[in-house]
Amino acid sequence: QQTLLHYLRSPDVRLTGTKLGCGEGGCGACVVTLTHYDPKQKKLVHRAVNSCLFPLCLVDGHAVVTIEGLGNTKNLHPIQKTLASCHGSQCGFCTPGMVMSLYSYMKAHPEQEKLDLEQCLDGNLCRCTGYRPIIDAARILESSMNQS
Amino acid sequence: LLEGEKIKEITLVYGVVSRHPVRASKTEAFLLGKSFTQDVLLQALEILSGELVIHPEKQYFTTDKLDGKELFRKELVRSFFYKFFLKMASVVSSLSPNLSSAVFDLKRGPSSGKQTFKIPPERLAIPKIGSDLQASGEAKFTADLPISNNTLFGAFVISNQAAVKLLSVNAEEALKIDGVVDFITANDIPPNGANDVGVAPSEETLFAVDKIDHKGAPVGYILAKSQTIANYAATKVNIIYGAQYETPIYTIEDAIKNDSILLGGDTTIECGDVEEAFKKAEIVVEGQVRTGSQNPFYMEKQSAYAIPQEGNHIVVHVANQSPDYTRQKIAGVLGIPGHYVTIVNRRAGGGFGGKITRQVPNAAAASVAAMKHNVPVLSVMDIKTDMTMLAGRHEVLAKYKVAFNKNGKISAVSIDSWVNAGFSNDFSAGLGYEYTESLDNIYYFENARFVTVCVKTHLPTRTATRSFGHSQALYVTETIIESVAAKLGKTPEEIREINLYGARNCVTPFGQFLDNFSIPRIYKELKAESKWEDKIKEVLEFNNNNKWKKRGICLVGARYGLSPFPSGCPSLVSIHGDDGNVTVFHGGSEIGQGINTKVAQVVALTLGCPIENIRIGDSNTDVSANAVVTGGSMTSEAACEAARVASIKLVEIMLPVKTELFQRQGKLPEWKTLVSECKARHYNLAATGTYLPEGREKTLLRKPWAKHVSEYSGFGASVSVVEIDVLTGEFSILGSWVLYDAGIPINPIIDIGQAEGGFVMGVGTFLREEVLIAPDGTINSADTWEYKPPCSLDIPQYFHVALLKDCSFPKGVCENKAIAEPAMILSYSVAGAVKQAINATRKERGLEGHLVLNAPLTPDVIQGACALSKNDYVVFVTEG
């Protein structure tokens, strides 16, 4: 019955960067990246999941990346850095989920010619910013990804 | 599948109509072999409506919508079919361009934005402090604090009935669950403590005793070894209800009928001679309008972590906007001296008014449990309990009468309003005043009478919610303006402009002179920036060429009375002499608004030290005594001013040493040298400061909510262009232009963020967020499935937010003006534009009369207002 989010935030693990918002898959504050090897496609598949709904037992055979795995204040991941520098966080509660949605989408579409990151944010609620600065961050990431 | 121009095969499946997807078999059979004619369409619609029976969805039957949105859902069945039919028809022949607007989707391209502001170079406007902590996930919220092995977790048990006797509460089954430790009730409140958590004494109990006075009232609190167990066990507690002791009231109308009035919650503002003006009036219009509730929807639900200390002392980490108030309430419940309770908070995951008083029950319950068991108790409310037990914005019903001449110049306005307070006062009386005080908005009403009454219902108490009273008032006033415009066949903008305050009559109905009334300049610049005249033409042209999509445009200005609730806002600035670093505590709460950043700027500028040397401490009642509240948008400037006052004291303390070092060395000393020299001499390098607005000494002594609540007014305006889908009631914001007078901003980057975020929250207030209150008072929107705050695809596709340049406000703190709430209500331009789009389709189809629409303008309201009839579903338009 345990969810991935409960496990991540439990006293023994205590990775608290992943937030409990609504607990029903509606706000995206708990998004993490799951990766597994798909034998049919013969490649790694990356996806964003709401960890508040994801049963822990189904994580078997997957790699989990949380916000802590992406970077920290000593060494911010470019997504974290861009979101911060674009003023994409106010209260900051939705921020880790936003970062992980962007990260999952970028991992899942490495070969796509033109990324449209805006569309991967529609499952993440933010009550403070009005989204504009977050979308700005997505645009900057898009252009740097598309260039490289 | 088509064969020539005829339908060869067709499958029609509808979702949402029923519990499961259903096939419209009869309609399918009818359509076989048919071609796309008007006759076929009408017959198919007839058959379709007959065969698809709408399955009622219980959550949509509300006190405001007694039909459960069934009419809307029926219309959608037809609309969707019509869209599909036209799409098929367009394959065999070309549709008239006018009709193809039924087929294409609402315009939604990539979002873009522009921000225009001037950074005062001398103000050290840095990006928000701590954004890297937030982006990395390292930022700690209350629920993220370290927990120990003995930490327990709490969850409320709440009532689903109201106005009934409470016979008993049976927690036997819950207590048997593995991991459940205790069930806390009113009996666990210490003998010296009070079962009292409301703003006014004895208006709200922490746990119900003998009777349940409102829906969602807490009756007990489960304590368990994990939050999951606690939440689950709470659902297993059985509340035994007794007889109904009075008729429960859930609507303003019922409250009026039953004379359920909140004592002391009435406000009257009057100017001129209203009766006389109505007698002389050329034209008079009457009507009524209502605005709905809104949940604050902070992302971080109510959270508290109570940690007992030695000797009856308790530290409670609470996500909150009012540490001192929280401290007093918890001390009262525990029955211990107030200085034995310490409230600490690093940051809250959003507040929006919902953590000014509504955090108290959760924090108090955790404290009672923690003290009883002498262990730390962490309590994070789940969304369902949070949104059922606690509420947000006050609903308003307003009946108005307005007199005007044929030019649209208004000579008299009379507005009678009823405000739904919920079961207790909380801040309702204050809201009534702020609401009434802002009903004039930016218009000069020579004769006005505003009478507002707060009514009591059996719903959870309504509380402070961003743009307290102002969002409701603006909606009412602008509805009146639109009614006048409709009567005269003019645009609302014409009526707005002709009634604006002018230089000579810049005095509100309650007698406040509006200094620095910048609306005329804002109007002028906003019109130029948004290319207003061109936009009007574009909208007209679009509407002439499209039958099923309509555009609307609106320009609206707003005045927001800023109230100095946060007066005082005590600050402590401490300089560490060894390395020149500075720790600052202030009385505000960091809820995302950037208050810490602004305070750091002001301290750095005043002390003359590098801003990197400054760290803002957690909000802490041991340090900042008497910190009233973070609310009303003025706390940032209050905290800045308090910290500035403290910093000036330090500058004065250090001045003799500075002078001495200057004389000795022939140059000004480095910051570090100066402070280490002061330390060596044992100077006091800590100082406190408070904020008291000019002239406030006198008014503070008057009774609260006396006249002139507002200290000054914020002014702004916005333009929005929207597109609606007449068939479905959906809308998209094509563009919004916002211009706000923030004086000389302390940090324009943060202010822009407040304006954008506020604007989008306002889109929720006016158009998206509907609190579903069933006729029996049940809240059916206590989750993200039914409750819809704006998401990233709901924002203006082009979003230009600008701060007025070079507009010093000498009276303000650092010449700035507050922005967070004033900017929010500017989103009315979206609602106004949607109403204009509705008017456009109604007019085109010959529908008479002006419709007054209640807020929020959700898709069912928009679609319903378009009032489609059978004759509107056409396949080809015949000219002439």
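Just so it is clear, the model here is predicted, and its values are computed rather than measured.

(A) Looking closely at the nonpolar core. Residue and element names in this part refer to chain B. Grouped together as the largest cluster of nonpolar side chains are 257 residues, with contacts concentrated most on L31, F81, Y82, L206, Y221, I415 and V582. Here this core takes 10 residues from helix α19 (residues 635-665), the largest share from any one element. Once residues within four sequence positions are removed from consideration, Y221 is found in contact with G154, A155, F156, D182, F183, I184, F207, A365, A366, A369, V377 and S379. Core analysis: the next-biggest nonpolar cluster, separate from the first, contains 19 residues, I212, A230, A234 and I239 among them.

(B) Region of the structure containing the interface of chain B and chain A. Opposite the 58 residues of chain B that make contact, chain A presents 44 residues. Between chain B and chain A, roughly 4,000 Å² of surface is buried when both sides are summed, and carbon and sulfur atoms account for 57% of that area. Taken as a group, A135(B), M299(B) and S792(B) account for 17% of the area that chain B buries against chain A, more than any other trio of residues on that side. With a shortest N-O distance of 2.5 Å, D144(B) and K19(A) are connected by a salt bridge. Our enumeration of links across chain B and chain A arrives at 23 residue pairs in polar contact (both at pLDDT 80 or more). Breaking the side of chain B that touches chain A down by element, the ones donating at least two residues are β5 (112-116), α5 (131-136) and α22 (748-768) of chain B. By residue number, the principal contributor to the side of chain B that touches chain A is α22(B), which donates eight residues. In the side of chain B that touches chain A, the residues fall into 28 nonpolar, 18 polar and 12 charged.

(C) Spatial organisation of the packing of helix α14 (residues 470-488) of chain B against helix α24 (residues 828-844) of chain B. Residue and element names in this part refer to chain B. For the pair α14 and α24, the least separation of the axes is 11 Å and the interaxial angle reads 35°. Relative to α24, α14 is oriented so that their crossing is right-handed. Facing L474, Y475, E478, T479 and E482 of α14, the residues of α24 in contact are Y828, G832 and K835.

(D) Examining the pattern of salt bridges more closely. Residues and elements named next belong to chain B. For the structure on display, the rule yields 52 salt bridges over all chains. E28 is the salt-bridge partner of R23, the closest N and O atoms lying 2.9 Å from each other. The class of E28 is buried, set by a relative accessible area of 7%. Between D725 and K549 there is a salt bridge, with its nearest N and O atoms 3.5 Å apart. Taken together, the residues span a long stretch of sequence, with D725 in strand β27 (residues 712-725) and K549 in strand β21 (residues 549-562) at a distance of 176 residues. On the accessibility criterion, D725 (2% relative accessible area) is buried. Judged by its relative accessible area of 0%, K549 falls in the buried class. Through salt bridges with shared partners, a single network forms among E478, E482, E493, R496 and K835.

The rules we used
- Residues numbered from 1 in each chain as written.
- Chains lettered and ligands numbered in written order.
- Predicted model: local features only at pLDDT ≥ 70, side-chain atom pairs only at ≥ 80, totals over all residues.
- Heavy atoms only, no water.
- Core = buried A, V, L, I, M, F, W, Y, C linked by side-chain atoms within 4.5 Å.
- Buried < 20%, exposed > 50% of the residue type's maximum accessible area, 1.4 Å probe, protein only.
- Helix = DSSP H or I, 4+ residues; strand = E, 2+ residues; numbered from the N terminus.
- Contact = heavy atoms within 4.5 Å.
- Buried area = accessible area lost by both parts, 1.4 Å probe.
- Salt bridge = Lys/Arg side-chain N within 4 Å of Asp/Glu carboxyl O.
- Polar contact = N/O pair within 3.5 Å; in protein donor to acceptor, adjacent residues only side chain to side chain.
- Nonpolar A, V, L, I, M, F, W, Y, C, P; charged D, E, K, R; others polar.
- Axes fitted to C-alpha atoms, helices over the stretch in contact; angles between N-to-C directions.
- Left-handed = near helix turned anticlockwise from the far one by under 90°.

Note that every value here comes from positions in space, so none of it alone points to a role or purpose.
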